[in-house]
Every structure is written in C-alpha cells, then in structure tokens.
Amino acid sequence: MNDQHRYRRNPDILLEWGEGAGPVLVDCRRWRKFSVKPVLVGLLHQLDRPLTAEELHDRWRESGHADEARTLLDRLASAGIIQRCAPADVMGTADGTGTGVASGDGWTPYELAVHAQAGRGPVPHARRGVPPPARFVHPEATEIITLPDGRDAPSRPLAEVLAERRSVRVFAPSPVPLPLIGAFLDRSARVRGCLPPRAYEQTHRSAPSGGGRHSLEVYLLAREVEGLAGGAYHYDPFTHTLHRLSAWTDELAVLQRRTVIDAAAMKEAPPAGIYLASCAGRTTWKYEGMSLSLVYRDTGCLMQTMCLTATDLGLASCLTGAMETPLTAPFLAPHRDRLIHVGSMALGLPTVPSAAPALEPLAQQ
C-alpha cells in the first residue's frame, strides 16, 4: 500500500462545460478530454494541495471509506487527471504540503490549450456563411489624407538591411517626414491585389498571412509627423490613405506610454508609432479553432516586415509585445467588439544615421 503517497490535481487540467453533457475535464498538455460527474469536480476542488487518501477522506466525506478513496485516487492518477506525489516532493515547506510537481516549463494550461487546439487544425464547420470583408471601414473618420507611395524612396540590398536591423529606443528630436511614413506603409502593408476567388476576400500583401486572410489593421499614432496633424489615423491599405480618427489627446499619450514607452523601457516618447489590431473574424471564418495562433503568427510576420522596411528607409524602430485586453484605444471605441490589440511599434528618425549596432563577439565553443 502506498500510504506515503499524496495526490494533487493535474495543474494542466482545465474545466469546461460540454453541450448538454455536464462538466468536461481537458488535459491541455496531452489534449485528452474526460466527461465527468459533478461530484468529481468537488473532489478536484479538495486537491488544491497534495493530500493522502486519509486526508482527503477527512476533508471530503463523499469519498467513502479511506480505502475506497485510495482506489479512486489511483484510478484518477492512472488517467492523468491527478498526480501522485512522493514524500520527497512535499517536503521543504513550513506545512509540508509542497507543490507535488517539479518546476515545469513555464506554460499555463491556457497557453497549452491554445497550442494543442492549433495543432488539430480548424473545426469541421469552418467557412460557414459569407466571409468578412478584407477592407475595414471607419465611417466616423473626419479626414482622408492621400499618402505618397514608396517608389521614389531609395532602397538597399536585402543582406545589408538584415545586417543593420536592430531595435532603437532613443530617437532624434526631429519630426518624421510624411513621405517616409508613406513609403513605410506602402512597402510593408499595402494591398497589392486580390487572390482568387474574389468572393473569399483574400488579398496579397508584402507580409504573409494564413489563408490570405490578413486580419491585421494598421493605425498610425502621429505625435510629431511633418506634414500631418497630430492624432490617430487608420491606414487604408486598399487606397493607400490615412483616415483621421482623432486629434492628439492626453488619452493618446497615455495609450502610447502604456503600450510603447513603458513596455520598451523608453525614456522619451517616439515621434510616431504603429498600433496593430486584429479583425479576427476574417481568420476565424476560415480557421475557427486555430485562429488565435494564426493571428499571432501573422502579427510576427507583419512586424518583421515593418522592421526591415523601416531599416531600409533609414527609420529607427522598436517593437513591443505589450497587448491591452480589453482594448482601450479611444479612437477604436465604436469597434471594440470586433478588434483585439496584438502589438505596437515605435517609429522615428535615428539619433545617428547609419550607426551600426555594438555587438559582442560570439563565445568560442
């Protein structure tokens, strides 16, 4: 008999509710699901710390006799719903309860669940109904500004751009010229054409996107852009125009500080910034069940494309992964149910043009 064993619930287990089938336990690491009776949920509630069968019996009378509790615990442990803890695993704390599990790899059950679901592919009933449009319209925009394209801006060999790319957190005090903003958006985010069939609302752009869905909307936070009034703008990649949504306000300054300045440990605000939001319905229409992972991957692709474009144009940039949820951007108040914030970017002129990053040599193995 394993009287010395303690048991605790598997930390990778999440509880969800099946359709008309009662509670369902999901092992997010092994992606197994168990339909269970509500009484078992009560047992797992008791196993908030490692317990022996006798201790569980004392705390939870529905377990029956101690021997019956031990048999049940062993069955649940064999299924992976709970874990056995050796005596050595629960020593070293004041109350002797310990954690019962070795230090893990840092994943939360929610992250594991998203990863596991993404690996299974979209759900069978995806692609129902009409796909959401690829163009996001802001009818509340007060002004439309036509941007210069990037055809006349200089460009350098890709190998040179890749070698010089770096994150910059200090910018020159000069405003960013609007033609550079236009070239930056033209090269990194503009729609080049539609992919067939047109009814699927698939577009071709510089950055790849799962299924050509391109859920990401680009917003320019212009604090100091030469030739452009300060404020928040939506970039329309179909017409290469900026749609003015609001003037520069204290709320915008607070948003910039929260999503860029503090997130990147900057001392001063950048002259301009990019706020990326996903109209996730475009992606979920085709890839429901794995859409969040695709939106994140699309964000990485677009961010890298923007970084390289900025470097090519002589702009300094710095990405931040800070995401606000729920979305609080004041200029997106009418659309908060349709959009999620997925990342931001600081833009400006470098303090020293063409300055190479200071790197330490690789250690010899």
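Check the entry above for the structure.
Notes on the structure follow. Quantities reported herein were computed from a predicted structural model and do not represent experimental measurements.

How each quantity is defined
Residues numbered from 1 in each chain as written. Predicted model: local features only at pLDDT ≥ 70, side-chain atom pairs only at ≥ 80, totals over all residues. Heavy atoms only, no water. Helix = DSSP H or I, 4+ residues; strand = E, 2+ residues; numbered from the N terminus. Rg over C-alpha atoms; globule rule 2.2 N^0.38 Å. Buried < 20%, exposed > 50% of the residue type's maximum accessible area, 1.4 Å probe, protein only. Contact = heavy atoms within 4.5 Å. Areas by Shrake-Rupley, 256 points an atom, 1.4 Å probe, with all protein chains shown as cover. Lys, Arg positive; Asp, Glu negative; His and termini not counted. Charge placed at Lys NZ, Arg CZ, Asp CG, Glu CD. Core = buried A, V, L, I, M, F, W, Y, C linked by side-chain atoms within 4.5 Å. Expected span 1.5 Å × (residues − 1). Arc of directions from axis to C-beta. Pairing = 2+ DSSP bridges. Axes fitted to C-alpha atoms, helices over the stretch in contact; angles between N-to-C directions. Phe/Tyr/Trp six-rings, centres within 6.5 Å; stacked < 30°, edge-to-face > 60°. Polar contact = N/O pair within 3.5 Å; in protein donor to acceptor, adjacent residues only side chain to side chain.

As for the overall build of the protein
- The secondary structure content of the protein amounts to nine helices and 16 strands.
- Its C-alpha atoms give the protein a radius of gyration of 27 Å, more than 25% over the compact-globule value 21 Å for 365 residues.
- With respect to the three principal axes, the spread of C-alpha positions in the protein is 80 × 55 × 45 Å.
- Within the span of the protein, comprising 365 residues, buried residues form 46% of the whole.
- Long-range pairs, those at least 24 residues apart, make up 70% of the contacts in the protein between residues at least 6 apart in sequence.
- Of the roughly 19,000 Å² that the protein leaves accessible, carbon and sulfur atoms contribute 55%.
- In the protein, 39 positive and 39 negative side-chain charges are present, and the distance between their average locations comes to 4 Å.

Remarks on the nonpolar core
- In this structure, Phe 184 and Ile 274 are the most contacted members of the largest nonpolar core, which totals 36 residues.
- Contributions of two or more residues to this core are made by α6 (178-189), β10 (216-222), β12 (231-236), β14 (272-278), α9 (291-312) and β16 (340-348).
- The element that contributes the greatest number of residues to this core is α6, accounting for seven residues.
- Ranked by size, the runner-up nonpolar core spans 18 residues in total, among them Leu 25, Leu 40, Trp 60 and Ala 77.

Topic: helix α3 (residues 66-79)
- Here α3 spans 20 Å end to end across 14 residues, near enough to the 20 Å set by a 1.5 Å rise per residue.
- Along α3, the positions that sit buried rather than exposed are Ala 69, Arg 70, Leu 73, Leu 76 and Ala 77. In an axial view of α3, the angular spread of the buried residues amounts to 130°, which keeps them on one side of the axis. Along α3, exposed side chains directed more than 90 degrees from the buried face belong to Asp 67, Arg 75 and Ser 78.
- The inward-facing, buried residues of α3 abut β1 (6-9), α1 (38-46), α2 (53-59) and β5 (82-85).

Observations concerning the sheet that holds strand β2 (residues 13-18)
- With antiparallel pairing, the three strands of this open sheet are ordered in space as β2-β3-β4. Looking along the sheet, the strands with just one partner apiece sit at the ends: β2 and β4 (32-35). The mean inter-strand angle of the sheet, taken between neighbouring strand axes irrespective of direction, is 30°.

Points about the packing of aromatic side chains
- Inspection of every chain in the model, using the stated rule, returns three aromatic pairs.
- Ring centres of Tyr 275 and Phe 331 lie 5.7 Å apart, and the angle between their planes is 80°; this geometry places the pair in the edge-to-face category. Taken as a pair, Tyr 275 in strand β14 and Phe 331 in the loop between β15 (316-320) and β16 lie far apart in primary sequence, 56 residues in all.
- Linked through ring pairs, Tyr 219, Tyr 275 and Phe 331 together constitute an aromatic cluster.

Notes on the side chain of Ser 293
- Mapped onto the elements of the fold, Ser 293 is located in helix α9.
- At a separation of 2.8 Å, a polar atom in the side chain of Ser 293 contacts the main-chain carbonyl oxygen of Met 290.
- For Ser 293, the side chain forms a polar contact with the side chain of Arg 297, separated by 2.9 Å.

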